[in-house]
Amino acid sequence: ETAMKAFETGADRFCGFLDRLAEKIVCLDNTMLYIGPPLVLGASLLIGTIIKFGIFDVLPLVVTPGSFAHMMHLLWALLLSVNVLFHYAMGVTTNPGSHGSDVYQKLCEEAKSRGLLKNLKPIILPRPGEWSKCTKTGLPKPPRSHFDKVTKRLVIQMDHYCPWLFNTVGWANLRYYMFFQVYLVISTLYITFMTFWPFVSVVGAPTGHENDEKVWTLPNNSTVLKPARDRIIFLFAVSSPVSTFLFLFLMWNLYLVLTAQTSVEVQINKLFQKEAVAQGLVFTNPYDLGYRENWYQAMGRVSPIWHVIPSRHMPPWPPYPTMKGPYSCLHRKKPAKSDKANNHKDQKKMGHAEWVMNLVTYEKSSLASSQ
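These remarks concern the structure in this document. (Residues numbered from 1 in each chain as written. Predicted model: local features only at pLDDT ≥ 70, side-chain atom pairs only at ≥ 80, totals over all residues. Heavy atoms only, no water.)

Considerations on the overall build of the protein
Test applied: In this text, helices come from DSSP runs of H or I with a minimum length of four residues, and strands from runs of E with a minimum of two, each type numbered from the N-terminal end. For every residue, the accessible area obtained with a 1.4 Å probe (protein chains only) is divided by the maximum for its type, and the residue is called buried under 20%, exposed over 50%, and partly exposed between those limits. Contacts: residue pairs with any heavy atoms within 4.5 Å of one another. The Shrake-Rupley method, run with a 1.4 Å probe, gives the accessible areas here. Residue values count only the displayed protein chains as cover.
A tally of helices and strands in the protein yields 12 helices and 11 strands. When the 371 residues of the protein are sorted by exposure, 44% land in the buried category. Long-range contacts, defined as pairs at least 24 residues apart, comprise 66% of the intrachain contacts of the protein with a sequence gap of at least 6. With an accessible surface of roughly 19600 Å², the protein has 64% of that area assigned to carbon and sulfur atoms.

Dropping the structure here:
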């Protein structure tokens, strides 16, 4: 108990320091907010330009128009384009779960009916499953929620503010944000693959002239004039480096989803882990239910087809595994791999709430017996 109090005190002081530091650079937050609309407009124009150049200008040069291969490529390109545009638009326009949303109101009403909103305290770093009072808005602060200093909103399961979306990434739009990246990575890799050999063919000297204009010949013997050549170079020059960067960024965000963390929580959990080691304890992420369940918790327990066909289904309710009050995420003995495997098997047989409560009871009894 003494170790836990010392740990929480140190964590509160650290977060208080970060909060005061953030107040001094509020001008950066304002800048991030102001550049949002131009970035959204620029991104939309860039995506539209790439779709137009790729489908209507370059694809007919690479694949024989009217052929079966051309029809398959056209359908594939249209599927990617629709998904990129749909998930981007939904990521921009969907409320992430801020304190003015219906999602927040519903969560507060359920918490009130369970008596979780009584005597809330303004805790900077509440324990897992604990409701507190937001120090910025004065409103009830659900577990896993944070105050976004850019949009000045309290957001459920806040990940970060994305200027390219002009929106905060949170519980309600995380799926749109993730699948926008997924389809953007697939699209840029596809464009890179389709334009690689045409790019190699047109960067050299022209192979001839037609009506006093330079002509380049592609591997399939199609002839390309300068306007089409410039578009091939543009598509390859944009897609090849962007696909690499986006792939690495997607892998990072996929790691966060599969480990039940956000960009905010991964930093907090690092602090927890460091302090736990100093106390001779072990920290476990209480929201981590295993890779598969973490995916379902964020993306929804639906058929994979609804990740291919644009869908507006919401993630499972509630936004976090249900817990009967707060508990410590520190314990003395690290569970063996066999114990973890059994926990995941047990979780499949029972609901999230019951499984988490059993795990909480196990950790509490383990910590008490070791003391």
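Picking up where we left off.
A closer look at the pairing of strand 8 (residues 213–217)
We apply this condition: Should DSSP find at least two bridges between two strands, the strands are regarded as paired.
With 2 bridges connecting them, strand 8 and strand 9 (residues 223–224) associate as antiparallel partners. Looking at the pairing, tryptophan 216 lines up with valine 224 of strand 9. The antiparallel pairing of strand 8 with strand 9 creates a hairpin that spans 5 residues between the two strands, and asparagine 221 there sits at a positive phi of about 70 degrees.

Details of the pattern of salt bridges
The criterion, for reference: Any Lys or Arg side-chain nitrogen located within 4 Å of an Asp or Glu carboxyl oxygen qualifies as a salt bridge.
One pass over the structure, following the stated rule, counts 6 salt bridges. Between lysine 52 and aspartate 57 there is a salt bridge; the shortest N-O distance is 3.1 Å. Overall, lysine 52 belongs to the partly exposed group, its relative accessible area being 38%. Residue class for aspartate 57 comes out buried when judged on its relative accessible area of 18%. With a shortest N-O distance of 3.1 Å, lysine 226 and aspartate 230 are connected by a salt bridge. Here lysine 226 pairs with aspartate 230, and both are found in helix 7 (residues 226–258), just 4 residues apart, close to one helical turn. Owing to a relative accessible area of 45%, lysine 226 belongs among the partly exposed residues under this scheme. A cluster of three or more residues bridged by salt bridges with shared partners is formed by Lys52, Asp57 and Arg231.

Details of a nonpolar patch on the surface
For the record, the criterion: Two distance rules govern patches: like charges are joined within 9 Å, and nonpolar side chains (Val, Leu, Ile, Met, Phe, Trp, Tyr) within 5 Å, applied only to residues with over 30% relative accessible area and no salt bridge.
Taken together, the side chains of Trp76, Leu79, Ile186, Ile305, Trp306, Val308 and Ile309 define a hydrophobic patch exposed on the protein surface, amounting to about 570 Å² of accessible area. Secondary-structure elements contributing two or more residues to the nonpolar patch are helix 4 (68–93) and helix 10 (305–308). The element best represented in the nonpolar patch is helix 10, accounting for 3 residues. Inspection of the secondary structure puts tryptophan 306 in helix 10.

A short note on the packing of aromatic side chains
How we decide: Here the aromatic set is Phe, Tyr and Trp, taking the six-membered ring for Trp, and pairing holds for ring centres within 6.5 Å; pairs whose planes are under 30 degrees apart are stacked, those over 60 apart are edge-to-face, and all others are tilted. Any Lys NZ or Arg CZ found within 6 Å of a ring centre and within 35 degrees of that ring's normal is scored as a charge over the ring.
The final tally for this structure, using the stated rule, is 12 aromatic pairs. Between the aromatic rings of phenylalanine 196 and phenylalanine 236, the centroid separation amounts to 6.0 Å while the plane-to-plane angle is 50 degrees, which identifies the pairing as tilted. A residue pair is termed long-range when its members are at least 10 positions apart, and phenylalanine 196 in helix 6 (residues 174–202) and phenylalanine 236 in helix 7 qualify at 40 residues. Residue class for phenylalanine 196 comes out partly exposed when judged on its relative accessible area of 35%. Connected via pairs of aromatic rings, a cluster forms that spans Phe196, Trp197, Phe199 and Phe236. Above the plane of the ring of tyrosine 287 lies arginine 144, whose end atom (NZ or CZ) is 4.9 Å from the centre.

Notes on the packing of helix 3 (residues 36–62) against helix 4
Rules: Each axis is a line fitted through C-alpha atoms, and for a helix only the stretch in contact is used; angles between axes span 0 to 180 degrees, taken between their N-to-C directions. Orientation is classified from the angle alone, with under 35 degrees giving roughly parallel, over 145 giving roughly antiparallel, 65 to 115 giving roughly perpendicular, and any other angle giving oblique. When residues are grouped by polarity, Ala, Val, Leu, Ile, Met, Phe, Trp, Tyr, Cys and Pro land in nonpolar, Asp, Glu, Lys and Arg in charged, and all others, Gly among them, in polar.
Packing of helix 3 against helix 4 brings their axes to within 11 Å, and their N-to-C directions diverge by 175 degrees. In this view, helix 3 runs roughly antiparallel relative to helix 4, as classed from their interaxial angle. On helix 4, the residues touching Leu39, Val40, Ala43, Ser44, Ile47, Ile51, Ile55, Leu59 and Pro60 of helix 3 are His70, His73, Leu74, Ala77, Leu78, Ser81, Val84, Leu85 and Tyr88. Each residue belonging to the contact of helix 3 with helix 4 can be placed in one class, and the counts come to 14 nonpolar, 4 polar and no charged.

So, the packing of helix 6 against helix 9 (residues 291–299)
Interaxial distance between helix 6 and helix 9 falls to 8 Å at its minimum, and their mutual angle equals 110 degrees. As judged from the angle between their axes, helix 6 and helix 9 are roughly perpendicular. On helix 9, the residues touching Leu174, Arg175, Met178 and Phe179 of helix 6 are Trp295, Ala298 and Met299. Tallied by class, residues from the contact of helix 6 with helix 9 come to 6 nonpolar, no polar and 1 charged.

Section: unusual backbone geometry
Peptide bonds are mostly trans, and most non-glycine residues show a negative phi. Residues tryptophan 317 and proline 318 are joined by a peptide bond in cis, for which omega reads 0 degrees. With respect to the helices, strands and loops of the structure, proline 318 is situated in the loop between helix 10 and strand 11 (330–331). The phi torsion at arginine 144 lies on the positive side, around 70 degrees, for a residue other than glycine. The residue glutamine 157 is not glycine, and still its phi comes out positive at about 50 degrees. Within the fold, glutamine 157 resides in the loop between strand 4 (153–155) and strand 5 (160–162). Residue glutamine 157 is classed as buried on the basis of its relative accessible area, which comes to 10%.

None of the figures reported here should be taken as evidence of function without further support.
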